[in-house]
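Overview (structure and organization)
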Amino acid sequence: VPLNMEPENIPISILYEDNDLMVVDKPWGLTVHPAPGHPSHTLVNALLALRPNLSGIGGVQRPGIVHRLDKDTSGVLVAAKNLDAERLLRAAFEGAAQTGAHDVRKTYLALVEGEWPYADEIVLDGAIGPEETLGKRERRRLGIITLAKKRAHRMSILPNDKKEAKAARTRVTIEQRFRGFTLLRCLPETGRTHQIRVHLGHEGFPLAVDSLYGRHDELKLSDIKPGYRSKRGRPERPLIARLTLHAFEIDLPDPSDAGKRLVVQAPLPLDFQRITRQLAKVRPYKS
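These figures come from a predicted structure and were not determined experimentally.

Turning our eyes to something else, we now look at the packing of aromatic side chains. If you walk through the whole model with that rule in mind, you get two aromatic pairs. Arranged with centres 5.3 Å apart and planes meeting at 75°, the rings of W116 and Y118 form a pair that is edge-to-face. Overall, W116 belongs to the buried group, its relative accessible area being 1%. Owing to a relative accessible area of 31%, Y118 belongs among the partly exposed residues under this scheme. Geometrically, the ring pair formed by W116 and F205 is edge-to-face, given 5.0 Å between the ring centres and 65° between the ring planes. Of the two residues, W116 is situated in the loop between β4 (105-113) and β5 (122-125) and F205 in the loop between α5 (195-202) and α6 (221-224); the sequence distance between them amounts to 89 residues. An aromatic cluster of three or more residues is present, and its members are W116, Y118 and F205. Taking the ring centre of Y285 as reference, the NZ or CZ of R177 above it sits at 5.2 Å.

Quick look at the structure:
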């Protein structure tokens, strides 16, 4: 199936732009680039409508794209605007993803189920690979129970001796506490698939909304407020109905000024603000 690289008018907020790059606020639910199953209506189609000159920078299928976010993760995403910047930024992202070198520093906000027990920053350090590489006995030993149809897409902490296991590290600190939930600040030092979701879930604190690794595909007020019942005849709308993970900040080398760095933040989206505001109201943390 030919992939559609045509410009599409999809509203995208630009957080920062200069001659070398642009940093946009990717909405949740938007795939980054066309792929089988998502031939159009992607962030790339939106970027080509905003800046037609991106076409051809770094390959036909992914013009300007130097890193990715999961479809249902919102937040900061960088696109290169010329070949020199594309090469520099791609090398910086790939170096950070593979080795943990601090070429690019990314900060995510993650709302998780449970009260995070660590006051200080901790490092979650577990190799990650496809869950389907684990045999039945290994899954049982590791306490992994997954529906077969989900298993094909899931990643897992793997024993280090597995050839598919790739080293992964995530630094985690507390941003805000609630009763039964915690908003965490996560700094991935490597860039493995679903890294933050896998590390937090393995620790026993899955994202509050995560249909692949967690227990919920949405959160309503009745889920967090004891005794709450919606009005009869009026279906209750969810407070948030997507992955509770937001790429909040990126700190990266400035292609136009060697030695200088750019730091760009994406504000917390409205649905994320809504759930944290309600948690602070109906589940305030009592130490």
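Structure shown, so let's carry the discussion forward.
This brings us to helix α7 (residues 270-282). End to end, α7 covers 18 Å across 13 residues, agreeing with the expected 18 Å (1.5 Å per residue, within 8%). Within α7 the residues assigned to the buried category are D271, F272, I275, T276, Q278, L279 and V282. Buried residues along α7 cover an arc of 160° about the axis, so they all sit on one side. Opposite the buried face of α7, at more than 90 degrees from it, the exposed residues are L270, R277 and K281. Contacts from the buried residues of α7 go to β4, β9 (181-188), α6 and β10 (245-253).

One number sums up the size of the largest pocket: a volume of about 1300 Å³. What lines the largest pocket is a set of 39 residues, and nearest its centre among them are R68, D70, R192, T193 and H194. Elements represented by at least two residues in the lining of the largest pocket include exactly α2 (83-99), β4, β6 (128-130) and α5. If one sorts the elements of the lining of the largest pocket by residue count, α2 sits on top with five residues.

On to unusual backbone geometry. Positioned with a positive phi, H41 is a non-glycine residue whose angle comes to about 55°. Considering the arrangement of structural elements, one finds H41 in the loop between β2 (21-26) and α1 (43-50). By relative accessible area, H41 is classed as partly exposed at 47%. We note that H194 has phi near 60°; this positive angle belongs to a residue other than glycine. Among the secondary structure elements, H194 is positioned in the loop between β9 and α5. A relative accessible area of 15% means that H194 is categorised as buried.

With that out of the way, let us pick up the nonpolar core. Counting residues in each nonpolar core, the largest one holds 50 residues, and the members touching the most others are V78 and L200. Excluding residues within four positions of it along the chain, L200 makes contact with A110, V112, W116, L124, V172, L184, C186, F205, P206 and L207. Within the second largest apolar cluster, 17 residues are counted, among which are L111, L183, V209 and L239.

Looking along a regular strand, one sees the side chains alternate between the two faces of the sheet. Most of β2 sits out of view: six of its six residues are buried. Residue alternation in β2 divides its side chains into two sets, L21, V23 and D25 and M22, V24 and K26, and both sets are buried. In this sheet, β2 lies alongside strand β1 (residues 13-17) in antiparallel orientation, the contact comprising four bridges. Looking across to β2, one finds that E17 is bridged to M22. Linkage of β1 to β2, two consecutive antiparallel strands, is achieved through a turn of three residues. Across six bridges, the pairing between β2 and strand β3 (residues 74-80) is antiparallel. Within the sheet, the bridge partner assigned to K26 lies in β3 and is G75.

Parameters and conventions
- Residues numbered from 1 in each chain as written.
- Predicted model: local features only at pLDDT ≥ 70, side-chain atom pairs only at ≥ 80, totals over all residues.
- Heavy atoms only, no water.
- Phe/Tyr/Trp six-rings, centres within 6.5 Å; stacked < 30°, edge-to-face > 60°.
- Buried < 20%, exposed > 50% of the residue type's maximum accessible area, 1.4 Å probe, protein only.
- Helix = DSSP H or I, 4+ residues; strand = E, 2+ residues; numbered from the N terminus.
- Lys NZ or Arg CZ within 6 Å of the ring centre and 35° of its normal.
- Expected span 1.5 Å × (residues − 1).
- Arc of directions from axis to C-beta.
- Contact = heavy atoms within 4.5 Å.
- 1 Å grid on protein atoms, 1.4 Å probe; cavity = no way out; pocket = protein on both sides within 12 Å on 5 of 7 lines; lining within 4 Å.
- Points joined across faces, edges and corners; volume = space filled by probe spheres on them.
- Core = buried A, V, L, I, M, F, W, Y, C linked by side-chain atoms within 4.5 Å.
- Pairing = 2+ DSSP bridges.

Purely geometric numbers; function is a separate question.
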